[in-house]
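# A structural walkthrough
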Amino acid sequence: MHLVANESSEIVLSKQDLRGVAHYAAESAQEVLELFERAHPADSRPRDAIDAAWTFARGGERGKSLRDSGWAAHKAARDAGTAVAGNAARAAMCAASAAYLHPLADAHQVKHILGAAAHAARAAELMAGDDRDVGADHIEQALRRATPVVVDVLNRYPAAPSGGGRVGELLRDLDAALRSRS
């Protein structure tokens, strides 16, 4: 078992923990990838990031290509031109970055765990004319999809931070619901 730890935080993460979180994030991002691809059919950066997250989740290594694909999806989000496509690309970026969850007792690390689901929910609700019920439905799906590993890892961290606009609200809603399972 490969452990990643930070002495001051006492959070320990195994590679299997990181793979479980990456799997969850990739599933979340995959749900809205088509929203980006419809707007930008020739831009493969978000798909590449999700594919890299899947590769890691299924046993691949964390490496330069995974990190680079996350940064490329981030750039695709900035270039997206619409909030729908931008949030779908950010979900892909979060999927790739989930493998880089740090063992720091920092509330911002929750974004590595739940960010893909929150951005996916925001993309879906914007696609539906900013219908918050659609976002809430996506959060409910993300709640049902969360494995015990994801919930266990989440509970090692402080609650999600304040701020972040509507995506932050969705993140905190999912965070609170998952923590209430414990």
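Parameters and conventions
Residues numbered from 1 in each chain as written. Predicted model: local features only at pLDDT ≥ 70, side-chain atom pairs only at ≥ 80, totals over all residues. Heavy atoms only, no water. Axes fitted to C-alpha atoms, helices over the stretch in contact; angles between N-to-C directions. Helix = DSSP H or I, 4+ residues; strand = E, 2+ residues; numbered from the N terminus. Parallel < 35°, antiparallel > 145°, perpendicular 65-115°, else oblique. Left-handed = near helix turned anticlockwise from the far one by under 90°. Contact = heavy atoms within 4.5 Å. Nonpolar A, V, L, I, M, F, W, Y, C, P; charged D, E, K, R; others polar. Phe/Tyr/Trp six-rings, centres within 6.5 Å; stacked < 30°, edge-to-face > 60°. Lys NZ or Arg CZ within 6 Å of the ring centre and 35° of its normal. Expected span 1.5 Å × (residues − 1). Buried < 20%, exposed > 50% of the residue type's maximum accessible area, 1.4 Å probe, protein only. Core = buried A, V, L, I, M, F, W, Y, C linked by side-chain atoms within 4.5 Å. pLDDT = per-residue confidence, 0-100.

## Thoughts on the packing of helix α3 (residues 45-57) against helix α4 (residues 64-79)
Relative to each other, α3 and α4 sit at 150 degrees, their axes nearing to 8 Å. Judged by the inter-axis angle, α3 sits roughly antiparallel to α4. Classified by chirality, the crossing of α4 by α3 is left-handed. Two secondary-structure elements touch here, α3 through Arg45, Pro46, Asp48, Ala49, Ala52, Ala53 and Phe56 and α4 through Leu66, Ser69, Gly70, Ala72, Ala73, Lys75, Ala76 and Asp79. By residue class, the composition of the contact of α3 with α4 is nine nonpolar, two polar and four charged.

## A look at the packing of aromatic side chains
Applying the stated rule across the entire model yields zero aromatic pairs. Just above the ring of Phe56 sits the side chain of Arg19; from NZ or CZ to the centre is 4.7 Å. Above the ring of Tyr100, the side-chain terminus of Arg67 is found at 4.1 Å from the ring centroid.

## Quick look at unusual backbone geometry
Phi angles above zero are rare outside glycine, and Asp130 is one such case at about 65 degrees. Within the secondary structure, Asp130 is located in the loop between α6 (110-127) and α7 (132-145).

## Some thoughts on helix α1 (residues 15-30)
When the terminal C-alpha atoms of α1 are compared, their 22 Å separation across 16 residues agrees well with the 22 Å that a helix rising 1.5 Å per residue should span. Here α1 has its buried residues at Asp17, Leu18, Arg19, Gly20, Val21, Ala22, Tyr24, Ala25, Ala26, Ser28 and Ala29.

## Some details on the nonpolar core
Counting residues in each nonpolar core, the largest one holds 63 residues, and the members touching the most others are Tyr24, Ile113, Leu114, Tyr157, Leu174 and Leu178. Counting residues per element, this core draws most heavily on helix α5 (residues 83-97), which supplies ten residues. Setting aside chain neighbours within four positions, we find Ile113 in contact with Val21, Tyr24, Leu101, Val150, Val153, Leu154 and Tyr157.

## Focus on α5
With 15 residues, α5 extends 20 Å from end C-alpha to end C-alpha; this agrees with the ideal 21 Å at 1.5 Å per step. Summarising burial for α5: 13 of the 15 residues are buried, a large majority.

## Some words on the confidence of the model for the protein
Of the residues in the protein, 94% have a pLDDT of 70 or more, and the chain-wide mean is 93. The spread of mean pLDDT over the elements of the protein runs between strand β1 (residues 3-5), the lowest at 44, and α3, the highest at 98. Low pLDDT (under 50) marks residues 1-7, which in the prediction has 17 contacts with non-local residues, meaning those over four places away or in another chain.

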